[in-house]
Amino acid sequence: MADHPEGSRPLWGSRLGFILAAAGSAIGLGNIWKFPYVTGENGGGLFVLIYLGCVVLVGLPIMMAEILLGRASRQSPVGAFAAFSRPGSSWPLVGWLGVAAGFVILSYYSVVAGWALHYVLLSLTDHFRHLQPDQMGGIFDTLYGAGDINLFWHLLFMLATVSVVLAGVQGGIEKTCRVMMPALFLIIMLLVGYSVFLPNGGFLKALDFTFTPHLERLSRRSVLEALGHSFFTLSLGMGTMLTYGSYLDRQASLLKVSLQVVLLDTLISLLACLMVYPVMFSFGLAPQAGPGLVFKSLPMLFAQLPGGLLISLAFFVLVVFAALTSAISLLEVVTATVMDRAGWSRRRAALVTGAAIFAFGIPAAYAGDGRLLGAWASMFGMNFFDTMDYLASNWMLPLGGLLIAVFTGWVMPESARRAAFGAPAGQAWLYTGFVFVLRWLAPTLVLLVLLHKIGVLQELGVMGS
Ligand code: TRP
C-alpha cells in the first residue's frame, strides 16, 4: 500500500488553511453564477429543498469518501485508486475519468470567469452608470457573441490560475484562499444587505421565491439537475477533494471538516440567491434569465446606487476571486496527476497542463460567436460550451461520484478505510453509519438518477417521462 512517509508530500500549513482551500474550491461560479440561474429556471423553493436533500444524502458522504481516499493514499486520484485495489485492476480508470472531467470543466469555467473579468473592466470605466435596466442584457449578449474578447480573458484567467498552482500547495493555493475567501464573504454580506432595502418588496419576493416550495413549478428534469449541481458546487466526483485531502493531516476529523466545507458552500449559494433575486423582482423581471442572470441583474443595482462604481468593481473582482480559488483546484488535480504519474516537476506539469486546457477551451470562448465550430450547435443541439458543461456536470461527475462511493464502500480494504476515517473513541456508530450510506444510500440515489437519464426507468414503467 502506498503510504508515503508524511514528509514526502506537502501538507496544508494549518487546518483552517485546508478548510479555506476546500471551501475555496467548492465556492465559486457554481454558487454565485450557476445556482441562482438554475434555481430560477427550476422554479425556486422546491428545487432548493431537493438540492439540499442531495447535498446531505449524497454530497456530504461522497465528500468524506474523497477526502478519506486522498488522506489514506497521499496520492492524486489515479494513484489513490491503484493503492487500494488489486494490481492490474481497472479502478485507476476512475481516477483518469476525474482528470478528464477536471480538464473539461476548467476549459469552459475559465471562459465564464473571463466574463467576470470583462465586467471588472466595465466597472472600472463606469460603463453601467448611464444605462437603463433593459440595456444591461444587451451588454452581456454582445460580450457572449464576441469570441476574440472572450479568448483574451480566457487566456488571462488561465495565466492567473497557472501562476497560483505553480507556487505550490502552501505558498500558492493556501495563501491565495486565505485572503480571497474572507473578502468574498464580506462583500456578499454587504450586497445582500443592500438588497434588503430595494424598492417594490424585492427582498421579500426573493425570500418567498427561494424558500417557498411550489410543486407545480417543478419538472422531472429538476431532480437530475439538483443532483448534478450538488456535485458541481461541492467540487465532487472528479477527485478535487481527494487531491486536497491528500495534503491533509491525519488528526483532522473527517466529518467535521467535510461538514464545515458543505455548510459554507450552501450558505454562500443561498446568500447568492438573496443577492440576485431582489434586484430582478424589484425591477419587475423574472429570475429565468438563464446563464446571463448575474451579469444582467446586478449591474442594474450598481447603476442606481451612490458609489455604484466601487460596489460593482468589488463585486466582479470577487466573482473573479471565487472563480480563481475554484479554478486552481481543478488545475491542481490535473497537474498533481501528471506530477505523480510522470514524475514531472510542479513547474513543468502546471505549465503544460494549463496550456493544454487553455487550448481545449478556445471553442468555448467562441461559443456565442459562430465563427469557430459554428456547426456544432446544429449537430448536437447545443453549442460547444453548453455541451461541455452538460457532459461534465450531468454525466462525468455523477458517474465519478458513484464509482468513488462504490470503491470506498466496497473495494477499499476495511482496515485502511477505518484507519483513514479515524473515528474518535466512543463514536464508532459514526463510522458504521458512514459506511452504510456509502455502500447503499448514495450509490442507489445516484444510480437511480443516471438510469432515469438514459430512460431505463421509463422503459420499465417505473416513472413517467
Ligand atoms: N465547485 C466549484 C464551483 O462551484 C467548481 C469546481 C471546482 C468543481 N472544482 C471542481 C466542480 C471539481 C466539479 C468538480 O464553482
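As the structure is a computational prediction, the values presented were derived from the model and not from experiment.

A. Local environment of the site of the ligand. Around the ligand, the surrounding shell holds 17 residues, and the nearest of these are Ala26, Gly30, Tyr109, Phe232 and Ser235. Between the ligand and Ser25 there is a distance of 3.2 Å, counted from a nitrogen atom to a backbone nitrogen or oxygen. With respect to the ligand, the side chain of Asn31 contributes an N or O atom lying 3.4 Å from an oxygen atom. Burial of the ligand by the surrounding chains reaches 100%, relative to a free accessible area of 360 Å². For the shell around the ligand, the secondary-structure elements that each account for two or more residues are helix H1 (15-26), helix H2 (29-41), helix H5 (92-124), helix H10 (220-233) and helix H14 (308-342).

B. View of the side chain of Thr210. Mapped onto the fold, Thr210 is located in helix H9 (residues 202-211). Owing to a relative accessible area of 0%, Thr210 belongs among the buried residues under this scheme. Polar contacts involving the side chain of Thr210 include one to the main-chain carbonyl oxygen of Ala206, which spans 2.7 Å. Other than its neighbours up to four places away in sequence, Thr210 contacts Gly44, Gly45, Val48, Leu270, Cys273, Leu274 and Tyr277.

C. Looking closely at unusual backbone geometry. For Asn200, which is not glycine, the phi dihedral falls at a positive 65 degrees. Inspection of the secondary structure assignment puts Asn200 in the loop between helix H8 (169-196) and H9. Taking the relative accessible area as the measure of exposure, Asn200 reaches 52% and is therefore exposed. Even without a glycine there, the phi angle at Ser235 is positive, about 60 degrees. By the secondary structure assignment, Ser235 is in the loop between H10 and helix H11 (240-245).

Parameters and conventions
- Residues numbered from 1 in each chain as written.
- Predicted model: local features only at pLDDT ≥ 70, side-chain atom pairs only at ≥ 80, totals over all residues.
- Heavy atoms only, no water.
- Near = heavy atom within 4 Å.
- Polar contact = N/O pair within 3.5 Å; in protein donor to acceptor, adjacent residues only side chain to side chain.
- Areas by Shrake-Rupley, 256 points an atom, 1.4 Å probe, with all protein chains shown as cover.
- Helix = DSSP H or I, 4+ residues; strand = E, 2+ residues; numbered from the N terminus.
- Buried < 20%, exposed > 50% of the residue type's maximum accessible area, 1.4 Å probe, protein only.
- Contact = heavy atoms within 4.5 Å.

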